[in-house]
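Here is how the chains run, residue by residue.
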Amino acid sequence: MSDRRSFYITTPIYYVNDKPHIGHAYTTIACDVLARFWRMDGRDVYFLTGTDEHGQKVEKSAEAAGMDPLAFCDLQSAKFRELAAAMNISNDDFIRTTEPRHIAASQAIWQALEKAGDIYLGSYAGWYAVRDEAFYAEDELTKGPDSRFVAPSGAPVDWVEEPSYFFRLSAWGDRLLAFYDAHPDFILPPGKRNEVVSFVKGGLKDLSVSRTTFKWGVPVPGAPDHIMYVWLDALTNYVTAVGYPDKQAELYQRFWPADLHMVGKDILRFHTVYWPAFLMAAGVEPPKRVFAHGWWTAEGQKMSKTLGNVIDPYELIASYGLDQVRYVLLREFPFGNDGDFSRKSVITRINGELANGFGNLGQRTLSFIAKNAEGRLPEPGRLTEADQALLQHVYGLLPAMRSEMASQALYQALQLWVEAVNAANRYIDSEAPWSLRKTDPERMGTVLWVLAEAIRCLALIIHPVVPQAADRLLDQLAVDSTARSFAAIGTSGALKGGTLLPAPAGIFPRLQDPVAAA
RNA sequence: GGCGAGGUAGCUCAGUGGUAGAGCAGGGGAAUCAUAAUCCCUUGGUCGGGGGUUCAAAUCCCUCCCUCGCUACCA
């Protein structure tokens, strides 16, 4: 575990030209679970998300919509903010790259790079296809009929040159490799680290960091006809939010360097090559870790607008329930892998582990107490070996899950929780309180207390993943809202016998199996 | 082409030298507190092909086949 108690975690800032989809929901939920987990564990957490609003595409989209770019961004950014709210995301801030604080921070980082001598004016030259609005590398081109080069799309290309500022990335290769070497966990999962290292080892070219062909961006200080390259602008959001360039700012002191930038694998290079190079050049400490997660397919197929199979997060929530979606997204495959979203598999998972596993464990225990103990939690008698084994299992869940969470092993962490739920279900069957009711009511009371206590801890530790359901269950156990942190896991926070419990109600309804209709 | 990851039960995957594992699916049974949920037992695999090292290989070496990533400036 980190030697300090603060934890700064970020999602990527989402590009306002996109429509929010399951990929955005996935990244944000994973971060939210980590943020909530460490918060409940007593760490000082700062959780940032937001929107990336500059660039040519946004300028064009706004124009196509007949809108001012900023008005367009206001509208689109709000959609991401609404999605975060709909997913019960506990972010501490929501940053927009069009905010004055961010423009100031971006210009400040530019000036720091310039002052360090890592920026120079040159010209950017390449084969450009006007029709595609894109540059192509020479080896992508083929000879057209009139012996002119044409792009893979068939568009004719021209050799163009425009003035551009460059960042001396080529000078940073060795220092980046040394940095990766000194921080073996900077890039996770390990396979991604290898990709980045081999990329950097292949040699780096200087990076064009300004544009003159469009206007929607942060103006380059002292060169008003240039705007900053979008990635330099976008990445800077992570320091803007904690007060950069004011390194004495309270948030900056508390939270920089960031503990974790969560990213999709498509933007790994920007975060693990360009970003640490920019920061080191600007005299700012790089973040501690970048984690690249995988992609979802839908029913075995790649999601795409043209296939029309892009999964809408709002539909997911409506179909399965919010907490169920949060859980299943992190539980279908190991975090960092790619995986498939299939309706059948998701329903099996939710029914098996949440409805039948944990939900039913709560329901069978609490309704038994309601019917056979007058709704009052029994006082425990002397604990048997089986009682202690179950309690030790659930009490031991915290250190075990903490260690998985520290390496973003969300799937493995949830696996540990599922195993504990299963152990509790085995316990109730082998102790059979329904038999004890007639033969040994006192022992029955102890068993019920042990179960309630185990359920309390299971609910607390799964709270970051399924906050609403966990709270409902804790309500049913009459656990005070002030006792809902990981510090309460263990005997010191144990339930008191004799407490009157409210009427039980299921927390995870069983979902209907999908109809095999076409 | 180069570099990298991977090919293990019907499905998803764990297992990196010592008698093949889990979950789900399939089969049988127990129990009846519970959201017909739970618990127990069980069928099922020449561990991609071939060769080699070793007393012993899914695990190490060689080779071949297949799949997937990365191989820089739209984000």
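Quick caveat: nothing in here was measured; it's all calculated off a predicted structure.

What counts, and at which threshold
- Residues numbered from 1 in each chain as written.
- Chains lettered and ligands numbered in written order.
- Predicted model: local features only at pLDDT ≥ 70, side-chain atom pairs only at ≥ 80, totals over all residues.
- Heavy atoms only, no water.
- Helix = DSSP H or I, 4+ residues; strand = E, 2+ residues; numbered from the N terminus.
- Buried < 20%, exposed > 50% of the residue type's maximum accessible area, 1.4 Å probe, protein only.
- Contact = heavy atoms within 4.5 Å.
- Areas by Shrake-Rupley, 256 points an atom, 1.4 Å probe, with all protein chains shown as cover.
- Lys, Arg positive; Asp, Glu negative; His and termini not counted.
- Charge placed at Lys NZ, Arg CZ, Asp CG, Glu CD.
- 1 Å grid on protein atoms, 1.4 Å probe; cavity = no way out; pocket = protein on both sides within 12 Å on 5 of 7 lines; lining within 4 Å.
- Points joined across faces, edges and corners; volume = space filled by probe spheres on them.
- Near = heavy atom within 4 Å.
- Polar contact = N/O pair within 3.5 Å; in protein donor to acceptor, adjacent residues only side chain to side chain.
- Nonpolar A, V, L, I, M, F, W, Y, C, P; charged D, E, K, R; others polar.
- Pairing = 2+ DSSP bridges.
- pLDDT = per-residue confidence, 0-100.

1. As for the overall build of chain A
Turning to step 1, where the next piece is worked out: Within chain A, the secondary structure is distributed over 19 helices and 18 strands.
Turning to step 2, where the next piece is worked out: Its C-alpha atoms give chain A principal-axis dimensions of about 95 × 60 × 40 Å.
Turning to step 3, where the next piece is worked out: Within chain A, the fraction of its 518 residues that count as buried is 55%.
Turning to step 4, where the next piece is worked out: Relative to all contacts within chain A whose residues are 6 or more apart in sequence, the contacts with residues 24 or more apart total 76%.
Turning to step 5, where the next piece is worked out: Accessible surface for chain A amounts to roughly 22,200 Å². Of this, 52% is attributable to carbon and sulfur atoms.
Turning to step 6, where the next piece is worked out: Distance from the positive charge centre (51 side chains) to the negative charge centre (61 side chains) of chain A: 4 Å.

2. Quick word on empty space enclosed by the protein
Turning to step 1, where the next piece is worked out: In total, this model carries three cavities of 30 Å³ or more according to the counting rule given.
Turning to step 2, where the next piece is worked out: As for the largest cavity, its lining consists of Tyr14, His24, Thr28, Thr49, Phe80, Leu83, Ala84, Met87 and Phe94.
Turning to step 3, where the next piece is worked out: For the lining of the largest cavity, the elements supplying multiple residues, two or more each, are helix H1 (22–40) and helix H3 (69–86).
Turning to step 4, where the next piece is worked out: Sort the elements by how many residues they give to the lining of the largest cavity and H3 lands first, with three residues.

3. Concerning the protein's contact with RNA strand B
Turning to step 1, where the next piece is worked out: Close to RNA strand B lie 40 residues, the nearest being Lys57, Val230, Arg269, Asn360 and Asp429.
Turning to step 2, where the next piece is worked out: Taking arginine 211, its side chain carries an N or O atom lying 3.0 Å from a sugar or linking oxygen of RNA strand B.
Turning to step 3, where the next piece is worked out: Separating a phosphate oxygen of RNA strand B from a side-chain N or O atom of arginine 510 is a distance of 2.9 Å.
Turning to step 4, where the next piece is worked out: For the surface near RNA strand B, the elements supplying multiple residues, two or more each, are helix H6 (190–201), strand E10 (207–208), helix H7 (230–235), helix H10 (268–281), helix H13 (343–372), helix H16 (410–431) and helix H17 (433–439).
Turning to step 5, where the next piece is worked out: The biggest single contributor to the surface near RNA strand B is H13, with 10 residues.
Turning to step 6, where the next piece is worked out: In terms of residue class, the surface near RNA strand B is made up of 17 nonpolar, 10 polar and 13 charged.

4. With respect to the side chain of arginine 331
Turning to step 1, where the next piece is worked out: Assignment of secondary structure puts arginine 331 in helix H12 (residues 322–331).
Turning to step 2, where the next piece is worked out: Beyond its immediate stretch of four places on either side in the chain, arginine 331 contacts Arg349, Glu353, Tyr411, Leu414, Gln415 and Val418.

5. Looking at the sheet that holds strand E17 (residues 301–302)
Turning to step 1, where the next piece is worked out: Pairing in this open sheet of three strands is mixed, and the strands run E17-E16-E18 from one edge to the other. Edge positions in the open sheet fall to E17 and strand E18 (339–341), since each of these has one partner strand only.
Turning to step 2, where the next piece is worked out: As judged from the three bridges shared by strand E16 (residues 296–298) and E18, these two strands associate in the parallel manner. Counted as the bridge partner of threonine 297 is aspartate 340 from E18.

6. What to know about the confidence of the model for chain A
Turning to step 1, where the next piece is worked out: Summary statistics for chain A give a mean pLDDT of 92 and a share of 94% for residues scoring 70 or more.
Turning to step 2, where the next piece is worked out: If you check the scores for this complex, the pTM reads 0.94 and the ipTM reads 0.92.

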